[in-house]
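# A structural walkthrough
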Amino acid sequence: MLRRATNNLRKLSPPIISRPPKTLIDSPDRFARRVTGSASSPSLSIWRRKKEMGKEGLMVAKELKRLHSNPVRFDRFIKSHVSRLLKSDLVAVLAEFQRQDLVSLSMKLYDLVRKEIWYRPDMFFYRDMLMMLARNKKVDEAKRVWEDLKREEVLFDQHTFGDIMRAFLDGGLPSEAMDIYDEMRQSPDPPLSLPYRVILKGLISYPELREKVKDDFLELFPDMVVYDPPEDLFEDQEWRRESEED
């Protein structure tokens, strides 16, 4: 009788659902890795976000500009204040110095950022530095930054290559621009027509270099047409460039 009552109780009890053992997918650590992977994607790069300085960032930017002519006090202020800045403020201060074309201060913060524990090599970080240096014709600094990004194995996409090369051309640095073009040609990223058109437009002042890039463009995109400005425009641009050099 006791056995029959036990069997009846088992029939009335809800079934026990067996759960599979926990896997790495369920672990918090795996979830954290997925979030980190998403946050490091180019679309979420801290260097592409809107950069707004807090009060401490504004104060630091002002003091760095004031103390820049005094190396001892400048370095002391770097250690006591700049090293304690929030990531967002440090990024915003660097962006503001770049906007104002303050090359020496930008290079100082560039070195500091690369020593931060949160720093990760980023295409947009290097793009902004190179474009600022190109605007100011700072060839030696640009070469140092380029060596750093090569050492950190940063890869530019085709559009970024075109933008950087155009910045060097607009800055009157055709030789350095063509060095970047050679890097672009060796890139594993598939070539796109739009960056080439941007470069060709920037090369109007340099007809011989433009012909080289034009030949490459037509080889890569045989079905496309390149618009050539009138010859007198080439001559006018050449005359202006020679006058500026004189």
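For the protein, an unreviewed UniProt entry supplies the name Pentatricopeptide repeat-containing protein and the organism Rhododendron griersonianum.

### Some details on the packing of helix α6 (residues 103–113) against helix α8 (residues 139–151)
Two elements in contact, α6 and α8, have axes whose closest approach is 12 Å; the angle formed by their N-to-C orientations is 15°. When the axes of α6 and α8 are compared, the pair comes out roughly parallel. Read as a crossing pair, α6 and α8 show a hand that is left-handed. Contacts from Met107, Tyr110 and Asp111 in α6 reach Glu141, Arg144, Val145 and Asp148 in α8. For the contact of α6 with α8, the residue count by class is 3 nonpolar, no polar and 4 charged.

### Quick look at the environment of Arg185
One can find Arg185 in helix α10 (residues 174–186). Using a relative accessible area of 35% as the deciding quantity, one classes Arg185 as partly exposed. Measuring from C-alpha to C-alpha, the distance between Arg185 and Phe161 comes to 9.8 Å, with 24 residues separating the pair along the chain. Residues contacting Arg185, with those up to four places away along its chain left out, are Tyr196, Asp216 and Leu220.

### With respect to helix α4 (residues 71–80)
Residue pairs spaced three or four apart in an α-helix point in one direction, given the helix's 3.6 residues per turn. Among the residues of α4, Phe74, Phe77 and Ile78 are the ones counted as buried. Down the axis of α4, the smallest arc covering the buried residues is 105°, so these residues share one side. The exposed residues of α4 that point more than 90 degrees off its buried face are Val72, Arg76 and Lys79. Buried residues in α4 make contact with α3 (55–67) and α6.

### Points about the packing of α4 against α6
Where α4 meets α6, the axes come as close as 13 Å, and the angle between the chain directions of the two elements is 35°. The interaxial crossing formed by α4 with α6 has right-handed handedness. Contacts from Phe74, Asp75 and Ile78 in α4 reach Leu105, Lys108 and Leu112 in α6. Per-class residue counts for the contact of α4 with α6 are 4 nonpolar, no polar and 2 charged.

### With respect to the packing of aromatic side chains
Within a pair of aromatic rings, the relevant descriptors are the distance that separates the centres and the angle that separates the planes. Evaluated as defined, the whole model comprises 10 aromatic pairs. A centroid spacing of 5.1 Å and a plane angle of 65° characterise the contact between Phe125 and Tyr126, whose relative ring orientation is edge-to-face. Accessibility assignment for this pair places Phe125 and Tyr126 in one class, buried. Members of the aromatic cluster, connected to one another through ring pairs, are Tyr110, Tyr119, Phe125 and Tyr126.

### Comments concerning the pattern of salt bridges
Counted according to the given criterion, the structure contains 15 salt bridges. We note a salt bridge from Lys150 to Glu183, for which the minimum N-O separation is 3.0 Å. Of the two residues, Lys150 is situated in helix α8 and Glu183 in helix α10; the sequence distance between them amounts to 33 residues. Overall, the relative accessible area of 44% leaves Lys150 in the partly exposed class. Note that Lys212 and Asp216 form a salt bridge whose closest N and O atoms lie 3.7 Å from each other. Of the two residues, Lys212 and Asp216 are both situated in helix α12 (residues 207–220); the distance of 4 residues between them amounts to about one turn of the helix. Judged by relative accessible area, Lys212 falls into the partly exposed class, the value being 39%. Salt bridges here are not isolated pairs; linked through shared partners, they connect Arg114, Asp148, Arg151 and Glu152.

### Some remarks on the nonpolar core
As a rule of thumb, soluble globular proteins bury nonpolar side chains together. With 59 residues, the main nonpolar core has Leu64, Val82, Tyr126, Leu130, Phe156, Met165 and Phe168 as its most contacted residues. With 9 residues, helix α7 (residues 123–135) is the largest single contributor of residues to this core. Each residue touching Phe156, except ones within four places of it in the same chain, is listed here: Met123, Tyr126, Arg127, Leu130, Trp146, Leu149, Phe161, Ile164, Ser187 and Asp189.

### A few points about the UniProt feature "repeat: PPR" (unreviewed entry) in the protein
Taking the numbering used here, the UniProt-annotated feature "repeat: PPR" (unreviewed entry) corresponds to residues 122–156 and 157–191. Across residues 122–156 one finds 74% helix and 0% strand; the C-alpha atoms that close the span lie 9 Å apart.

Basis of the calculations
- Residues numbered from 1 in each chain as written.
- Predicted model: local features only at pLDDT ≥ 70, side-chain atom pairs only at ≥ 80, totals over all residues.
- Heavy atoms only, no water.
- Axes fitted to C-alpha atoms, helices over the stretch in contact; angles between N-to-C directions.
- Helix = DSSP H or I, 4+ residues; strand = E, 2+ residues; numbered from the N terminus.
- Parallel < 35°, antiparallel > 145°, perpendicular 65-115°, else oblique.
- Left-handed = near helix turned anticlockwise from the far one by under 90°.
- Contact = heavy atoms within 4.5 Å.
- Nonpolar A, V, L, I, M, F, W, Y, C, P; charged D, E, K, R; others polar.
- Buried < 20%, exposed > 50% of the residue type's maximum accessible area, 1.4 Å probe, protein only.
- Arc of directions from axis to C-beta.
- Phe/Tyr/Trp six-rings, centres within 6.5 Å; stacked < 30°, edge-to-face > 60°.
- Salt bridge = Lys/Arg side-chain N within 4 Å of Asp/Glu carboxyl O.
- Core = buried A, V, L, I, M, F, W, Y, C linked by side-chain atoms within 4.5 Å.
- UniProt positions renumbered as here; feature names shortened; annotations may be inferred.

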